[in-house]
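Given next are the chains, with one letter for each unit.
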Amino acid sequence: MSFVGNCGTFTRGYKAMIMDVEFLYHLLYLLICALGLFVHEFFYSLLLFDLVYREETLLNVIKSVTRNGRSIILTAVLALILVYLFSIVGYLFFKDDFILEVDKLPNETLLPDRTEAGETMTGEFLYSDVCKAGSTENCSSIIPSDQLVAEEMEEENKEHTCETLLMCIVTVLSHGLRSGGGVGDVLRKPSKEEPLFAARVIYDLLFFFMVIIIVLNLIFGVIIDTFADLRSEKQKKEEILKTTCFICGLERDKFDNKTVTFEEHIKEEHNMWHYLCFIVLVKVKDSTEYTGPESYVAEMIK
């Protein structure tokens, strides 16, 4: 309510109040406080973003993304189109190469408990290190049970992630964009003896150059250039405030070799806070008590 009163929102009408960005910002924070009070304490942590609103440097970081948001969105759409095309090619020709390691949640029911006395014959046949009677195998070549279990667990931790086109798109989008070398970093490493080895090399290189190097760097370049422009604008404004009179616009070098220095001019002759105080006086003073200059200034303000 203090913010609304100080900004004169009530005098501008309800439409102007609803469309005011700062009013909506404070209203959103009031809603977050209510959610934190009645729903969950997590919502209180969102109030830390007020630091971004109060600090101009952090606000410029956000503006570096939002100012050229259309260019960034269109470039991201181009990246999605390329990911879609590479997913189709992978689904048609390299479906068997999409084998990724996964970390499954532990499930104690997958393997039988070998410590129990009632171990099944199947479990003993699979996991026992002892030579079977009547077996023609050489006992020295029997694979230890621990190695068998490790190999089975390793196979179970690998999944085909391109059984459907949708899964191919998700895999290429998730792993391809997050890998430094593209989608080729997470796919199966093919042998040079395979007939599609050359095609896989071309597939990996094209994804790396087109998506990772060109498209992603285009997005980063737009953000960095925008942030540099905002920083230059801020420095230019600060330079103007330091070297130019706010009232008359005369620059510092105009006062060289003059009887009045630039510092004396902006502090005594054209002190901008004196002008502001005079405008406030005109606004709060009764119009019937205006002097000639005050009547003229009041009319100009209107």
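Predicted, not measured: the structure shown is a model, and the values here were computed from it.

Asker: What exactly am I supposed to notice about the overall build of the protein chain here?
Answerer: Helix and strand counts for the protein chain stand at 13 helices and two strands. Taking all 302 residues of the protein chain together, 20% fall into the buried category. For the protein chain, the share of sequence-separated contacts (at least 6 apart) that also reach a separation of at least 24 residues comes to 53%. Surface accessibility of the protein chain: about 22400 Å² in total, with carbon and sulfur atoms responsible for 64%.

Asker: What is the right way to read the nonpolar core from this model?
Answerer: General note: in soluble globular proteins, nonpolar side chains tend to be found buried as a group. Within the largest apolar cluster, 17 residues are counted, with the highest numbers of intra-cluster contacts made by F98, V172, V183, Y203 and F207. Breaking this core down by element, the ones donating at least two residues are α6 (69-93), α9 (165-178) and α10 (197-243). In terms of residue count, α10 provides more of this core than any other element does, six residues in total. Residues within four places of V172 in sequence aside, it is in contact with V83, S87, F98, L177, V183, Y203 and F207.

Asker: Before we go on, may I ask you to explain helix α12 (residues 272-284) in this structure?
Answerer: Since there are 3.6 residues in each turn of an α-helix, residues three or four apart along the chain are aligned in direction. Here α12 contains 13 residues, and its C-alpha end-to-end distance of 19 Å stays within 8% of the 18 Å for a straight helix at 1.5 Å per residue. A distance of 3.0 Å separates the backbone nitrogen of W273 from a side-chain oxygen at the start of α12, and that oxygen is part of N271.

Asker: Before we go on, may I ask you to explain the state of the cysteines in this structure?
Answerer: A covalent bond between the sulfur atoms of two cysteines is what we call a disulfide. Counted under the stated rule, the structure contains one disulfide. A disulfide bridge connects C162 with C168, and the sulfur atoms are separated by 1.5 Å. Judged by relative accessible area, which is 1%, C162 ranks as buried. The exposure class assigned to C168 is buried, which follows from its relative accessible area of 0%.

Asker: Would you mind going over the packing of helix α5 (residues 56-66) against α10 with me for this structure?
Answerer: The relative placement of two packed helices is expressed as an angle between their axes plus a distance between the axes. Viewed as axis vectors pointing N to C, α5 and α10 meet at an angle of 140°, and their least axial separation amounts to 8 Å. One finds that α5 runs oblique with respect to α10. Along this stretch, α5 crosses α10, giving a crossing that reads as right-handed. Between α5 and α10, the contacting residues are E56, T57, N60, V61, K63, S64 and V65 on the first element and I223, T226, F227, L230 and K234 on the second. Across the contact of α5 with α10, the residue classes tally to five nonpolar, four polar and three charged.

Asker: Would you mind showing me how to read a negative patch on the surface here?
Answerer: A cluster of acidic residues, E55, E56, E238 and E239, forms a negative patch on the protein surface. Note that E238 resides in helix α10. Under the relative-accessibility criterion, E238 is labelled partly exposed at 38%.

Asker: Is there a simple way to explain the UniProt feature "transmembrane region" (unreviewed entry) in the protein chain in this structure?
Answerer: Residues annotated in UniProt with the feature "transmembrane region" (unreviewed entry) correspond here to residues 27-52, 72-94 and 205-228. As annotated, residues 72-94 has a helix share of 96% and a strand share of 0%, and its two end C-alpha atoms lie 31 Å apart. As a span, residues 205-228 carries 100% helix and 0% strand, and end to end its C-alpha atoms are 32 Å apart.

Asker: Help me understand the pattern of salt bridges, please; the structure alone is not making it clear to me.
Answerer: Charged atoms that come close allow side chains of opposite charge to pair. Summed over the entire model, instances satisfying the criterion amount to eight salt bridges. The salt bridge involving R188 is made with E194; its shortest N-O contact spans 3.0 Å. With relative accessibility at 29%, the residue R188 sits in the partly exposed group. Overall, the relative accessible area of 27% leaves E194 in the partly exposed class. One salt bridge in this structure joins R252 and E263, with 2.5 Å as the shortest N-O distance. A residue pair is termed long-range when its members are at least 10 positions apart, and R252 in the loop between α10 and α11 (262-269) and E263 in helix α11 qualify at 11 residues.

Asker: Is there a simple way to explain the confidence of the model for the protein chain in this structure?
Answerer: As a note on interpretation, predicted positions should not be read in detail where pLDDT is low. Of the residues in the protein chain, 78% have a pLDDT of 70 or more, and the chain-wide mean is 80. Ranking the elements of the protein chain by mean pLDDT puts helix α7 (residues 121-127) last with 47 and α6 first with 91. Under a pLDDT of 50 for its full length, residues 111-130 has, in the predicted model, 18 contacts with residues more than four places off or in other chains.

Asker: Please clarify how the environment of R188 should be interpreted in this entry.
Answerer: For R188, the location among the structural elements is in the loop between α9 and α10. As for R188 and F98, which are separated by 90 residues in sequence, their C-alpha atoms are 6.4 Å apart. Excluding its chain neighbours within four sequence positions, the residues that come into contact with R188 are D96, D97, I99, E194 and R200.

Asker: What's the story with the packing of aromatic side chains in this structure? I'm lost.
Answerer: Aromatic ring pairs are described here by two measures, namely the spacing of the ring centres and the angle between the planes. Counting across every chain of the model gives nine aromatic pairs. Site record: aromatic cluster; members linked through ring pairs are F86, F93, F94, Y203 and F207.

How each quantity is defined
Residues numbered from 1 in each chain as written. Predicted model: local features only at pLDDT ≥ 70, side-chain atom pairs only at ≥ 80, totals over all residues. Heavy atoms only, no water. Helix = DSSP H or I, 4+ residues; strand = E, 2+ residues; numbered from the N terminus. Buried < 20%, exposed > 50% of the residue type's maximum accessible area, 1.4 Å probe, protein only. Contact = heavy atoms within 4.5 Å. Areas by Shrake-Rupley, 256 points an atom, 1.4 Å probe, with all protein chains shown as cover. Core = buried A, V, L, I, M, F, W, Y, C linked by side-chain atoms within 4.5 Å. Expected span 1.5 Å × (residues − 1). Polar contact = N/O pair within 3.5 Å; in protein donor to acceptor, adjacent residues only side chain to side chain. Disulfide = S-S within 2.5 Å. Axes fitted to C-alpha atoms, helices over the stretch in contact; angles between N-to-C directions. Parallel < 35°, antiparallel > 145°, perpendicular 65-115°, else oblique. Left-handed = near helix turned anticlockwise from the far one by under 90°. Nonpolar A, V, L, I, M, F, W, Y, C, P; charged D, E, K, R; others polar. Patch = residues over 30% accessible without salt bridge, like charges linked within 9 Å, V, L, I, M, F, W, Y side chains within 5 Å. Salt bridge = Lys/Arg side-chain N within 4 Å of Asp/Glu carboxyl O. Lys, Arg positive; Asp, Glu negative; His and termini not counted. Charge placed at Lys NZ, Arg CZ, Asp CG, Glu CD. UniProt positions renumbered as here; feature names shortened; annotations may be inferred. pLDDT = per-residue confidence, 0-100. Phe/Tyr/Trp six-rings, centres within 6.5 Å; stacked < 30°, edge-to-face > 60°.

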